Amino acid sequence: DEIMHFVKNQVTPAITVPHLHAIKMLTDFLTTAAAGVDLNFDETAGVFAEKVFLFCVCWAFGGVLETADRHKLSQHLYTITDLLPQMHGNTLFDYYPDETAMDW
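Residues numbered from 1 in each chain as written. Predicted model: local features only at pLDDT ≥ 70, side-chain atom pairs only at ≥ 80, totals over all residues. Heavy atoms only, no water.

(A) Representation of the packing of aromatic side chains. Counting across every chain of the model gives one aromatic pair. Positioned above the aromatic ring of Phe 93 is the side chain of Arg 70, whose terminal nitrogen or guanidinium carbon lies 4.8 Å from the ring centre. (Phe/Tyr/Trp six-rings, centres within 6.5 Å; stacked < 30°, edge-to-face > 60°. Lys NZ or Arg CZ within 6 Å of the ring centre and 35° of its normal.)

If you want it as structure tokens, here you go:
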């Protein structure tokens, strides 16, 4: 809800899409990610699964944003969780969860 509120009120999509489109994209991304990741469910896998979820949230809600608004969304996501990678002048959109390293 917090992310949808932020996207609705703080950024402007490059193309107009229904707000439920982001939810559909999120479920599609999660379904695809779950099919491609083999996790042995221990503590490390649980944290990695959260990182995959955050990656999917990032693209589901931010995929239709221009670069400046993607930067705003990245900054906002950093206020919500500490599981994101350390950015070095980039945005969250420049990173992906690496199954081999179980990290970004």
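(B) Seen up close, unusual backbone geometry. In this model, Met 102 sits at a positive phi of 55 degrees, which is unusual for a non-glycine residue. Relative to the assigned elements, Met 102 resides in the segment after α4 (67-80). The class of Met 102 is partly exposed, set by a relative accessible area of 23%. (Helix = DSSP H or I, 4+ residues; strand = E, 2+ residues; numbered from the N terminus. Buried < 20%, exposed > 50% of the residue type's maximum accessible area, 1.4 Å probe, protein only.)

(C) Local environment of the side chain of Thr 91. On the secondary structure map, Thr 91 appears in the segment after α4. You can call Thr 91 buried: its relative accessible area is 11%. Beyond its immediate sequence surroundings of up to four residues, Thr 91 is in contact with His 71 and Ser 74. (Contact = heavy atoms within 4.5 Å.)

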